[in-house]
Amino acid sequence: MSKTASSTVPATVPLEEQLEWQRAMLEIRFFEEECHRMFARGLVRGSTHLAAGQEAVNVGACRALRPTDLMACTYRGHAAVLAKGAPLDRCFGEILGKAEGLCRGKGGSMHLTDMSVGAIGSFAIIGAHLPIVLGTAYAEVYRGSDGVSLCFFGDGSTNIGAFHESLNLAAIWKLPVVFVCENNLYGEFSPIAHTTPVDELVVRADAYGMPGVRIDGMDIGVVHTTVSEAVARARAGEGPTFIEAMTYRYKGHSRADPGAYRPEGELERWLERDPLILHERALLAQGVEQTVLDEMRATAERTVADALERAMSWADPAPETRLEDVYA
Amino acid sequence: MSRTITYREAVVEALADAMEEDETVFLFGEDVAEAGGPFKLSEGLLERFGPRRVRDTPISEQAIVGTAIGASLSGLRPVAEIMFADFAAVCFDGIVNELAKYRYMTGGQVDVPATIRLGNGAGAGFAAQHSQSVENWFLNVPGLKIAVPGTPADAYGLLRAAIRDPDPVLVFEHKHLFNHKGEVADTPEVVELGRAEVVRAGSDVTLVATQLMRHRALEAAELLAGEGVSVEVIDPRTLVPLDLETIGASLDRTNRLVIAQECSHDGSWGATLVSRLMADRFEMLDAPPLIVGGDETPIPYAGGLEELWIPSVERIADGVRRTLAF
C-alpha cells in the first residue's frame, strides 16, 4: 500500500464533479465524527453504527445514480443517506429525535429515510431491504421507465435467506437493481472468515447467473466507474449486478463496541488508504491547489457544525405526534 | 338484480375488476399466472391482463412480500398472494417489521398500499402447518389492516376495498369456503373496511363469528330458533379496524355475548373482542362472555380429529345455551 496511492478517476469525469465527491465525503466524515461525540455526550438514544471509512463506497455509488433513482441502505446508513442527498441538519435532527428530523423523530439513527431524494430507507433487520428493492425496481419495469434501484448491504447480509431470495428473483425477472455489498470484513464482531465458507463473496453472484465484480471500495474512482457500468446495464434492461466493495469501518460495530477483536495494525493499514486521502491525492495530481482543498475541508467542517447547531435548536416532537402516521 | 357465484369466482372477479379499474394494480405469487392459482383464484387473469400484471414468482415468500412493499412505495398497488397463510411465518419480518411500520417509521413520508392475500383456515385435512387461522398472529401489529371475508359478496367487496386502501391490508381467504356459493349484485359492491354485518337479527344473545364459523353460527342460530332462542349473528368482516360500535350496540340489547372462532383462545381476535367490550360494557352483561374455539393444540390431520377441533354447529349452539342458562 503505497503512501503515494491515489484514487483512479477516469478522464471522463469532470474535475468539478470530482471536487464535489470530495466535499461530500468530507461532510460525511465530519458528520460521523459529530455523531460519535453526540453519543459520548449522551444525546443519542439506543445505538448507532458509524460508517467512517466507507465514504467512497456510498458517495461513489450514489454519484453514479440520477436523483430520481432509488437507494436503500443498512442501519450503518448515515453516509449513504447523506450521499443520496438528504440534508445534514434533518439527518442530525432525526438522530437527536427532533420534530424536524427526517422521520419526525420516529426512526432514529438506524432508520434515516428521505423519500424526497430517493433514499427509501435504512434497514436494521439484516437483509430485510433486499426484497424491497425488488419491488421498487419492478415498478420501474412496470411503468416502462429506466429508473434504477441501488441496494447497499453488509457482508453479513450475504448469509441470510432474504439475500438469496432477492438475488434469485432479481436475476430471473432481470430487474434494474445494483447490489452493492459493503464488505468491511466483520459481521458485528465476527471476522468474515469465521462465518462464511468462501473467501470472496462475489462468487455468490455466479449462483444467480448475475455478473459480479470485486473492487477496491476505498477508491472512489473505481467505485464510481464500476457502479456506473452496472447502472447502465440495469437501465438497458440487462438486469442486476453484484458489486463487492472492499472497505473498512474505522469504528467498532456500534457505539458499545471498541473493536478489540481486530488484529493489531489492521486499522492503521486501512487508514493509510483512507478514501479522503486517496482522492485528495488524485485531485492534487490534476492540479488542484492544496489551499483549495484545505478551504474545502474547513468549509465542510463548518457546514456540518452549523447543521448540528440548527438541529440542536429544534423542538422535541409534540406528544400527540406519537399517535400519527400509523395509517394514512 | 343479483346472481349466485362461488367465493372463488368472487375473488377472481374482484381481482379482474380492480385491474380493469386501476392500471397500477398487479398480481403476483406462486403459480398465480400460468396455472391460474394453486386454488384457481386467478384463473384466466394472465390471459386477460398479460404477464406484466399477472406474474409467477419463485417459491420465495420473503421476496414476494418485499416486492409488494417496494412496488407500493413506488406508487403501484401490488396484490401479492401467499398460497397458504401459514407461510406468513416465512416472511413474518417483511409483514411485521417492514410493511406494517414503514409509514410510521418514516414519519408518514409514504403510503404503502400493498394488499397481501393469504389462504386461511382449516377443514380440508391439510394438517397443522397448512390450516391455521393466521389473522390472529397479526392482531398485535399496529399498521396493518386485516380482512376476513366469509361470503362471496365479502370476498369480492373486501378485496376491492383492500386494493383501493392507502394502507397495507392482509386479506385472509378461507380455503374451506372457496366453493361456497352466495348472492352478489350484478355489479358487486365494494365493502368498506371496518363495517361489521348483522347477518341475522336477534334479541337474546349476540353471536360473533367470521369465515367458516359465520356459517356454522348461522346454522346454530337456526337450530336455536327451533328452541325459542333468538340469536343475533354478527360478522365483523375486518378485525382491524374492528367495528366495536355495531357489536357493542347489539350487546347492549341482548346482554349476552358468544364468540365462535376457528382458533385457540390466547392471543385470538375473540379474546381481544371480549376484553374491548368488557372494558366499556361490563355492566351490560348478564352472563360471562363465552368463546367457543379450537382446542389448545395444533390442528390434527385425521378427519374425525380435525372436525372435533373445529367448533361444530352443536358446540356453538351449546355455548349459546350455557350462556343463556347462566
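Above this note sits the structure.
Parameters and conventions
Residues numbered from 1 in each chain as written. Chains lettered and ligands numbered in written order. Predicted model: local features only at pLDDT ≥ 70, side-chain atom pairs only at ≥ 80, totals over all residues. Heavy atoms only, no water. Core = buried A, V, L, I, M, F, W, Y, C linked by side-chain atoms within 4.5 Å. Buried < 20%, exposed > 50% of the residue type's maximum accessible area, 1.4 Å probe, protein only. Helix = DSSP H or I, 4+ residues; strand = E, 2+ residues; numbered from the N terminus. Domains from an automatic or database assignment. Contact = heavy atoms within 4.5 Å. Salt bridge = Lys/Arg side-chain N within 4 Å of Asp/Glu carboxyl O. Polar contact = N/O pair within 3.5 Å; in protein donor to acceptor, adjacent residues only side chain to side chain.

Asker: Explain the nonpolar core to me, please; I cannot follow it from the model alone.
Answerer: Buried together is how nonpolar side chains tend to be arranged in soluble globular proteins. A:Phe179, A:Phe242 and B:Phe138 are the most contacted members of the largest nonpolar core, which totals 141 residues. Tallying contributions element by element places helix α1 (residues 7-21) of chain B first for this core, with nine residues. For this core, the domains that each give at least three residues are domain 1 (2-185) and domain 2 (197-325) of chain B. If near-sequence neighbours (up to four positions away) are discounted, A:Phe179 is found in contact with A:Leu130, A:Val133, A:Cys151, A:Phe153, A:Ser166, A:Leu167, A:Ala170, A:Met210, A:Pro240, A:Thr241, A:Phe242 and A:Ile243.

Asker: I keep staring at the pattern of salt bridges and nothing clicks. Help me out?
Answerer: Where side chains of opposite charge bring their charged atoms close, a pairing between them can arise. All names here are of chain B. Summed over the entire model, instances satisfying the criterion amount to 44 salt bridges over all chains. Residue Arg216 is joined to Glu307 by a salt bridge in which the shortest nitrogen-to-oxygen separation is 3.0 Å. Taken together, the positions of Arg216 in helix α7 (residues 211-225) and Glu307 in helix α10 (residues 303-309) put the pair 91 residues apart, joining distant regions of the chain. Note that Arg281 is salt-bridged to Asp252, the shortest N-O span being 2.9 Å. Of this pair, Arg281 sits in helix α9 (residues 269-281) while Asp252 sits in helix α8 (residues 244-254), placing them 29 residues apart in sequence. Assessed through its relative accessible area of 17%, Arg281 is described here as buried. With relative accessibility at 30%, the residue Asp252 sits in the partly exposed group. Bridged by salt links that share partners, the residues Asp154, Glu197, Arg214, Asp235 and Arg237 form one connected network.

Asker: Looking at this model, I keep getting lost on the environment of A:Leu102. Mind explaining?
Answerer: Of note, A:Leu102 is situated in the loop between α4 (88-95) and β2 (119-123). For A:Leu102, a relative accessible area of 4% corresponds to the buried category. Taking the C-alpha atoms as reference, A:Leu102 lies 12 Å from A:His78; in sequence the two are 24 residues apart. When near neighbours in sequence (up to four residues on either side) are disregarded, A:Leu102 contacts A:Val81, A:Ala86, A:Pro87, A:Arg90, A:Cys91, A:Glu94, A:Leu112, A:Thr113, A:Asp114, B:Thr106 and B:Gln109.

Asker: Is there a simple way to think about the interface of chain A and chain B in this case?
Answerer: Between chain A and chain B, the residue contacts involve 37 residues of the former and 44 residues of the latter. Taken together, the links from chain A to chain B amount to zero salt bridges. Between the two partners, chain A and chain B, sit 20 residue pairs in polar contact (both at pLDDT 80 or more). Listed by contribution, the elements that provide at least two residues to the side of chain A that touches chain B are β2, α5 (129-143) and α6 (161-172) of chain A.

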